[in-house]
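# Architecture at a glance
As a plain string of letters, each chain reads:
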Amino acid sequence: MAEDKYSYDTNTKWIEGKRMKLMVKGKPDLQVSTPPEFGGPEGFLSPEDLFVASASTCFATTFFAMAERARLNYVGFTCRATGTLEKLEGKGFQFTKIDIYPEVTVADEEERERAEQVLGTSKKYCLVTNSMKSEVILHPKITVKKD
Amino acid sequence: MSSKELRYPSDLKYTEEHTWLKVEENKGRVGITAYAQNLLTDILFVDLPEIGTEVRYMEPFGIVESAKSTNDLFSPVSGKVVEVNEALMKKPGTINKDPYGDGWIIVIDMSNPVELDSLMSADEYRDFVENEG
């Protein structure tokens, strides 16, 4: 049975310039930096990337869980996401919107309606996007695999 | 939604396992109550029995899987399943939208109508869920 409370620990260590190492115990390290548009180097993940990715990957993991519960027979899943960062009057930059573009491939046209329901339910229960104050907009697409 | 805001149609009979039964001559139409669907949240899958399956009083006849949990469905009476709501296979969420109407689950040809006497009336069921909650 699931607990009611969990905690997640991360740690960062400066490397040089605007780069750092992101560490989570028992998991691979990641190099993260200020993004180029704010004066950081090219070629590294930024907190902005991770913020948007946390929305899309959590949506995906929620989809996997809901699809399992629904016995949805899907054969493919991709999920692109775009975060819109805007300078707000008196508040600096904030993510105002995250557009999530999940695409589910089902084997049979009969599965389309249930795939729609599972995607909608996944948005409702995605714990990361539910924790964000940005507007989250889902743009679902369902395709039927052609033989 | 609190248990007091939910509907309890007076023409139905109810079980402590939150299934309802509507008597239609010698048959009984079965579903889960508004209270149950509200607890379960979004229903994603219903495992339906096949027509002809013998079901027994207060024993499981299927399962319902929601965003939050998996639960058995309990039969309010004994008898043979004569209809199943196949539409739920495609749209299980109908149970959330219309638990007492299009969200019905099976129809049973009742073999022991005396069992009806042990089921709760709407008022009794309302008291039951308000005390449970």
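Details of the structure are given in the entry above.
Residues numbered from 1 in each chain as written. Chains lettered and ligands numbered in written order. Predicted model: local features only at pLDDT ≥ 70, side-chain atom pairs only at ≥ 80, totals over all residues. Heavy atoms only, no water.

Attention shifts here to the overall build of chain B. For chain B, the helix and strand inventory stands at four helices and nine strands. Listing the helices and strands of chain B from first to last along the sequence gives β-β-β-α-β-β-β-β-β-α-α-β-α. Taken over the C-alpha trace, chain B has a radius of gyration of 14 Å; the compact-globule value for 133 residues is 14 Å, and the two agree within 12%. With respect to the principal axes defined by its C-alpha atoms, chain B has extents near 35 × 35 × 20 Å. For chain B, buried positions account for 53% of its 133 residues. When contacts within chain B are restricted to residue pairs at least 6 apart in sequence, long-range pairs at least 24 apart make up 63% of them. Total accessible area computed for chain B in this model is approximately 6,500 Å², and 44% of it derives from carbon and sulfur atoms. Computing the positive centroid from 13 side-chain charges and the negative centroid from 25, chain B places the two 6 Å apart. (Helix = DSSP H or I, 4+ residues; strand = E, 2+ residues; numbered from the N terminus. Rg over C-alpha atoms; globule rule 2.2 N^0.38 Å. Buried < 20%, exposed > 50% of the residue type's maximum accessible area, 1.4 Å probe, protein only. Contact = heavy atoms within 4.5 Å. Areas by Shrake-Rupley, 256 points an atom, 1.4 Å probe, with all protein chains shown as cover. Lys, Arg positive; Asp, Glu negative; His and termini not counted. Charge placed at Lys NZ, Arg CZ, Asp CG, Glu CD.)

A few words now on the packing of aromatic side chains. Summed over the entire model, instances satisfying the criterion amount to 10 aromatic pairs over all chains. A ring pair is formed by A:Phe63 and A:Phe77, whose centres lie 4.6 Å apart and whose planes are at 10°; its orientation type is stacked. Pair noted here: A:Phe63 is in helix H1 (residues 47–70) and A:Phe77 is in strand S4 (residues 74–88), with a separation of 14 residues, a long-range link. Each member of the aromatic cluster is reached from another via a ring pair, and the members are A:Phe63, A:Phe64, A:Tyr74 and A:Phe77. The positively charged end of A:Arg80 is found above the aromatic ring belonging to A:Tyr101, 4.1 Å away from the centroid. Stacked on the ring of B:Trp104, the Lys or Arg B:Arg29 has its end atom at 4.6 Å from the ring centre. (Phe/Tyr/Trp six-rings, centres within 6.5 Å; stacked < 30°, edge-to-face > 60°. Lys NZ or Arg CZ within 6 Å of the ring centre and 35° of its normal.)

Distances and angles like these do not, on their own, reveal function.
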